[in-house]
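One letter stands for each residue in the lines below.
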Amino acid sequence: MSATAYKSVTDTATFGRVAVLLGGTSAEREISLMSGQAVCAALVDRGVDAHELDATGDYIDALMDGSFDRVWVALHGRGGEDGTVQGLLESLGIPYTGSGVLGSALAMDKARTKQLLEGVGIATPAWSLLESEADCAAVAKKLGCPIIVKPALEGSSIGMYKVDDPAELAEAYRKAAVLGSAVFAEAWVTGPEYTVSVLHDEVLPLIGIRANNSFYDYQAKYFSDETEYVCPCGLPPEQEREYAALALRAFRAVGASGWGRVDFMLDESTGAAQVLEVNTVPGMTSHSLVPMAANQAGIDFGGLVWRILETSFVARGAAPQTADPQASAEESDDAA
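What you are looking at is a predicted structure, and each value in this text was computed from that prediction instead of being measured.

Just checking my understanding: could you explain the overall build of the chain for this structure?
Looking only at helices and strands, one finds 12 helices and 13 strands in the chain. Taking all 336 residues of the chain together, the buried fraction comes to 54%. If you take every contact in the chain between residues at least 6 apart in sequence, the share linking residues at least 24 apart comes to 70%. When the accessible surface of the chain is summed, it comes to about 13,700 Å², and 49% of that surface belongs to carbon and sulfur atoms.

What should I look at first to understand the sheet that holds strand E2 (residues 49-54) in this one?
Paired through backbone hydrogen bonds, the strands of a sheet run either parallel or antiparallel to each other. Ordered in space as E2-E1-E3, the three strands form an open sheet in which the pairing is parallel. Because the sheet does not close on itself, it has two edges, and the strands there are E2 and strand E3 (70-73). Taken pair by pair, the neighbouring strands of this sheet meet at an average axis angle of 30°, ignoring direction. Bridge count between strand E1 (residues 17-22) and E2: six bridges; the pairing is parallel. Along E2, the bridge assignment pairs Ala 19 with His 51.

Please explain the sheet that holds strand E5 (residues 147-151) as it appears in this structure.
If you trace the four strands from one edge of the open sheet to the other, you get E4-E7-E5-E6, paired in antiparallel fashion. Two strands close off the open sheet at either side, each with one partner strand: strand E4 (127-130) and strand E6 (161-163). Across this sheet, the average inter-strand angle for adjacent strands is 25°, counted without regard to direction. In this fold helix H6 (residues 136-143) packs onto E4, E5 and strand E7 (183-187), with an angle of close to 175° to the strand it touches most, E4. Where helix H7 (residues 169-177) meets the sheet, it contacts E4, E5, E6 and E7, and its direction lies at approximately 20° from that of E5.

What is the right way to look at the nonpolar core in this model?
The nonpolar side chains of a soluble globular protein tend to be buried with one another. Residues Val 20, Leu 43, Val 48, Trp 72, Trp 259, Met 284 and Leu 304 are the most contacted members of the largest nonpolar core, which totals 30 residues. Elements with a minimum of two residues in this core: E1, helix H1 (29-45), strand E10 (207-210), helix H10 (289-296) and helix H11 (301-310). Among the elements that make up this core, the one with the highest residue count is H11 (five residues). Counting residues in hydrophobic clusters, the runner-up holds 25 residues, among them Ala 244, Leu 246, Leu 248 and Val 275.

Looking at this model, I keep getting lost on the environment of Ala 105. Mind explaining?
With respect to the secondary-structure elements, Ala 105 resides in helix H4 (residues 101-108). In this structure Ala 105 comes out as partly exposed when scored by relative accessible area, which is 34%. The spatial distance from the C-alpha of Ala 105 to the C-alpha of Leu 153 is 9.6 Å, given a sequence separation of 48 residues. Those residues in contact with Ala 105 that lie beyond four places of it in its chain are Asp 82 and Gly 83.

Conventions adopted
- Residues numbered from 1 in each chain as written.
- Predicted model: local features only at pLDDT ≥ 70, side-chain atom pairs only at ≥ 80, totals over all residues.
- Heavy atoms only, no water.
- Helix = DSSP H or I, 4+ residues; strand = E, 2+ residues; numbered from the N terminus.
- Buried < 20%, exposed > 50% of the residue type's maximum accessible area, 1.4 Å probe, protein only.
- Contact = heavy atoms within 4.5 Å.
- Areas by Shrake-Rupley, 256 points an atom, 1.4 Å probe, with all protein chains shown as cover.
- Pairing = 2+ DSSP bridges.
- Axes fitted to C-alpha atoms, helices over the stretch in contact; angles between N-to-C directions.
- Core = buried A, V, L, I, M, F, W, Y, C linked by side-chain atoms within 4.5 Å.

Laid out in structure tokens, this is it:
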């Protein structure tokens, strides 16, 4: 199945009046405000009639009054990236950027994403759900240490804890469970981390990530000047195309569309790529990876937010994209 054809817009009037949804009430509010403000400023700079709209309080009334023609979704985390807002906008008949309800909901739930990836034959690190502290001993024995503990419904590495000793797992579980999400433990993968940005369902240049911390956590992602990003990533072209095709398969498998990001690691013991997660509304801050990859592809920040806004013209409810490995690899080669 071929990739979705996205509308190419040349006249700002075509977009109409645009609401940039930002902020919200999730644990990622701070980053969403930064992303949304940068997006809105870039759109305005390009002549788009764009306005910030914080997704708190009576923002639904502002959407319902009919004054906005479309929405640029810059919300991160629960309540904005999980299909909730996407469903609201579809009910209101307001076009919006990025993935639809299903793709957003699946990608936001890291545990179900892993189940789905395994189901279509895409490698992801070994893992187990932690339903209570009583599971910790068995899970530690099964996965071995180190282990990374993750809340299934949080992003930006919020609530993640590295466990080096089985005795520490119960405490890590308790801390993660406070966030009100299902919690799972994942086998620690030692090796380089990469991220693949997707725009209009085509891959942008890969980025290698070298975090100064023990893993790529919240501080390293958004605030640290010591995190090193390598783009071009330095991989041989054939290998980069292989991983780009893998990321596109994962992106399509969860039903994501329009734009987003797929993170994976190369296991140094086996050389195998292990997909960590799919992100349907990645950060758009000064430290963010999608703008970095776009810049490497010759697309400046203003051009990037414009092209993402073009994804709001896609008809929702279209047939899902294929996760077939051969088809995806051929499309990736064509895009490259």
